[in-house]
Amino acid sequence: MSIPKVMGIEQEYAVTTPGTNLDLIRASYLIVNSFDRVAEVGWDYKAETPFLDARGFTSEGETVRVSRADNLKINNLLMNGARFYVDHAHPEFSTAECLKIKDTVAFDRAGERIITLAAKRVMDRLEPGTKIEIYKNNSDRKGNSYGSHENYLISKEAYHRIFPPSSSPPVYLLKYLLPFFISRQIFTGAGKVGAENGVGSVKYQISQRADFFETILGAHTTTKRPLINTRDEPHADRERFRRLHVIIGDANMSEYTNFLKLGTTAIILKMVEDDALSEDLELAEPVKANLAISHHPDLKLKLSLADGRKLTPLEIQQVYYEQARDYIKGKGKATLEEREVVAEWGKVLKKLADDPLALRSEIDWVIKLWLLDRYRGRKGISWEDPRLRKMDLLYHLIDEKRGLYFLLEQEGEVRRVVSEERINHFLSHSPEDTRAYFRGECFRRFPSDIVEANWDSLTFDLGGEKLIKVPLPDPTKGTRAEVGDIFKKVKTAKELLSKISA
Amino acid sequence: MKKENQFLRVTYQNKEQEILYFKDFSSGAMIEAIVSRAKTYALKRLIQTGKKGIRKEDILQAIRDEYKENEDLPNTTNPDDWTKIAGRKGERIIAVESLLPDRLRKEQKEVEEIRVDSRYL
């Protein structure tokens, strides 16, 4: 039985400080600490299990231990239920848990605005001339790739279908799910000039990140990067739920691309839960196929399947699309958004087959390609010209005056999916239809009573001998419908806790 | 040798006890880390209030936070490791007790997890 697809995006932003004597790590700390802090709420690292592997073993690593002062310096937990923090050497924005696909898109965009506001505050306070630039992409062009990760709530049973114990091969994953994740880049890729990481050469490719994947399965995200991440950290009740941590996607500027990426993936995962994927599309060489698709933006490449067939990435997507269309059609409870996703998915595949440039307002890699081609034609320059790499970067610059995507948006050249109003709403409000509502309301009403938080818990200090930890085991609960009235009735955190206790 | 700078009480095999101070654990790396912390705190204040410069309170806070972070390194379950760091000769250490004041240890208050009503959460 499929369950609601609560989802979220973790975006790692790249920071540069051109011509400024401010190192990047310090810049990251300053940015994260420059957006309005709700209260002195730290991140609860004790609640995390980053080393459990979905295949039933524990990988090596050290758990994070930080002092409270450092914890508060690294983490800024926001009123909207999001986590804004320093991850290694860059700022990262994790959206709150969203239920609607478009809300996730809008929240991700709110993240762009939050980091912009924060960076502006840093620049205003430091010496004149201090310059901080923020990029939402996935490569620094110096061999480092960083992620734009998606998270989806799935049932424990479906998760184990995808990840059997390490003693058995992940047959279901290879046959029914991995080909989707590898081929979806034809409409989710953010595009990139050239190749890197020593994987061959190409003028322009579909994906930002394809050059960096080395293996099929693994718990890591930064070394020996796997197509499918096996980190078994549900951030919810382990008896019922799992979180699929998807690291194979690109950072999307286009709302439409992001909508299609999240929407198609959410539907496919519901189909895994309902065991509704029946077409075996196992690829002979998944890691190579992932790279090869990206390096063939003409979409004509034929991929070898394990059973000997040869299919293009478009043909593979067509098989998924048709299964999803029939699944949604036969499902009385499908949401309006799901129906919209399926309709758009079909249209996009048709346009990719007929004339990809027809998607120059919708799909990131096509928008970027169109932009670069126009510029190339005007200047009469070749693909190797360094100005094109610069433009590639500028497409992802989070700056409404200079960022190329933002300029296209202002000129009405790209298709919007969410309203300005909804994006701005999420600057200070959490979604009302997930447990993020409970977290956000607690932050709003009782900020000084909360000492630590994680996705699935809030820890209160009510002055007693012990701290009180409130578990949030179900991401679909704690919504306005369930706890809105309780918040209206209680005046203190203590009253709240007594109302929600079993 | 003020009380507020006490870091650990160690008990040797012969039952003798000794108090170790922050200074007993200082090193070049630690001093560098403290300076870096102090700079960050000063920058943070600059961002929040517009006031420039590193202050005494930044240094003091940096020292406390640095020691707080290092409190359980090496692990107290193996007291012998402490001898290597502290450089005391010969005598075996059988117990180590942290003397950090409560204000540095707030997050170590015991945590009680409550059961929540599944109608709501």
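Since the model is a prediction, treat every value here as computed from it, not as a measurement. (Residues numbered from 1 in each chain as written. Chains lettered and ligands numbered in written order. Predicted model: local features only at pLDDT ≥ 70, side-chain atom pairs only at ≥ 80, totals over all residues.)

1. As for the overall build of chain B
In terms of helices and strands, chain B carries 3 helices and 4 strands. Along chain B, helices (α) and strands (β) appear in the sequence β-β-α-α-α-β-β when read from the amino end. Burial statistics for chain B: of 121 residues in total, 12% are counted as buried. The contacts in chain B between residues at least 6 apart in sequence include a share of 51% that link residues at least 24 apart. (Helix = DSSP H or I, 4+ residues; strand = E, 2+ residues; numbered from the N terminus. Buried ≥ 20, exposed ≤ 12 C-beta atoms within 10 Å, placed from the backbone. Contact = placed C-beta atoms within 7 Å.)

2. Let's talk about the overall build of chain A
A tally of regular secondary structure across chain A gives 17 helices and 20 strands. Taken over the C-alpha trace, chain A has a radius of gyration of 22 Å; the compact-globule value for 502 residues is 23 Å, and the two agree within 12%. Along the three orthogonal principal directions, the C-alpha set of chain A runs to about 70 × 60 × 45 Å. Burial status across chain A gives 51% buried among its 502 residues. In chain A, once contacts between residues fewer than 6 apart in sequence are set aside, the share between residues at least 24 apart is 69%. (Rg over C-alpha atoms; globule rule 2.2 N^0.38 Å.)

3. Overview of the interface of chain A and chain B
Taken together, the contacts link 33 residues of chain A with 24 residues of chain B. Listing elements by their share of the side of chain A that touches chain B, those giving two or more residues are α1 (24-32), α2 (68-74), α3 (101-125), β20 (467-471), α16 (480-489) and α17 (493-500) of chain A. Among the elements that make up the side of chain A that touches chain B, the one with the highest residue count is β20 of chain A (5 residues). A class-by-class count of the residues in the side of chain A that touches chain B yields 17 nonpolar, 6 polar and 10 charged. (Nonpolar A, V, L, I, M, F, W, Y, C, P; charged D, E, K, R; others polar.)

4. Let's talk about helix α12 (residues 386-395) of chain A
All names here are of chain A. Turning to α12, its buried residues number three or more, namely L388, D392, L393 and Y395. For α12, the angular spread of buried residues about the axis comes to 155°, placing them on one side. Exposed residues pointing more than 90 degrees away from the buried face of α12 are listed as P386 and K390. (Arc of directions from axis to C-beta.)

5. Topic: the packing of helix α5 (residues 171-183) of chain A against helix α9 (residues 313-329) of chain A
All names here are of chain A. As a packed pair, α5 and α9 sit with axes 9 Å apart at the nearest point and diverge in direction by 125°. One way to sum up the angle between α5 and α9 is to call them oblique. For α5 against α9, the interelement crossing comes out left-handed. Between α5, through P179, F180 and S183, and α9, the contact on the second element is made entirely by P313, I316, Q317 and Y320. (Axes fitted to C-alpha atoms, helices over the stretch in contact; angles between N-to-C directions. Parallel < 35°, antiparallel > 145°, perpendicular 65-115°, else oblique. Left-handed = near helix turned anticlockwise from the far one by under 90°.)

6. A few points about the sheet that holds strand β18 (residues 450-454) of chain A
Read across the sheet, 5 strands follow the order β3(A)-β18(A)-β19(A)-β20(A)-β4(B) without closing on themselves; strand pairing throughout is mixed. Among the strands making up the open sheet, the edge pair consists of β3 (42-43) of chain A together with β4 (111-113) of chain B. Of the pairings in the sheet, the one linking β20 of chain A to β4 of chain B comprises 3 bridges and is parallel in character. Paired with I468 of chain A across the strands is E112 of chain B, a residue of β4 of chain B. (Pairing = 2+ DSSP bridges.)

7. Some details on the packing of α5 of chain A against helix α8 (residues 286-294) of chain A
Residues and elements named next belong to chain A. The N-to-C vectors of α5 and α8 enclose an angle of 25°; their axes lie 9 Å apart at closest approach. Between α5 and α8, the interaxial angle falls into the category roughly parallel. At the point where α5 passes α8, the crossing takes the right-handed sense. The segment α5 lies against α8, with L178, I182 and S183 engaging P286, A289, N290 and I293. Partitioned by chemical class, the residues of the contact of α5 with α8 number 5 nonpolar, 2 polar and no charged.

8. Examining the sheet that holds strand β1 (residues 6-12) of chain B
Residues and elements named next belong to chain B. Spatially, the 3 strands line up as an open sheet ordered β2-β1-β3, and their pairing is antiparallel. Edge positions in the sheet fall to β2 (17-21) and β3 (93-98), since each of these pairs with one other strand and no more. Put simply, the sheet's adjacent strands are angled 25° from each other on average, direction ignored. Pairing analysis gives 5 bridges linking β1 to β2, with the strands arranged antiparallel. Note on β2: the bridge partner recorded for V10 is E18.

9. Some points on the confidence of the model for chain B
Close inspection of predicted coordinates is inappropriate in any region flagged by low pLDDT. With 75% of its residues at a pLDDT of at least 70, chain B reaches an overall mean of 77. The complex model carries a pTM of 0.87, and its ipTM stands at 0.88. (pLDDT = per-residue confidence, 0-100.)

10. Examining the environment of P226 of chain A
Residue and element names in this part refer to chain A. Tracing the backbone shows P226 in strand β14 (residues 226-229). Among the residues examined, P226 registers 20 C-beta atoms within 10 Å and is labelled buried. Through-space distance from the C-alpha of P226 to that of I248 is 8.1 Å; in sequence the pair is 22 residues apart. Ignoring anything within four residues of it in the chain, the contact list for P226 reads T215, I216, L217, G218 and H220.

11. Side note on the pairing of strand β7 (residues 83-87) of chain A
All names here are of chain A. With 4 of 5 residues buried, β7 lies mostly within the body of the structure. Linkage of strand β6 (residues 75-77) to β7, two consecutive antiparallel strands, is achieved through a turn of 5 residues, within which G81 is found at a positive phi near 90°. Two elements, β7 and strand β8 (residues 90-94), share 5 bridges in a ladder whose sense is antiparallel. Its bridge partner being in β8, Y85 is matched across the sheet by E92. Linkage of β7 to β8, two consecutive antiparallel strands, is achieved through a turn of 2 residues, within which H88 is found at a positive phi near 55°.

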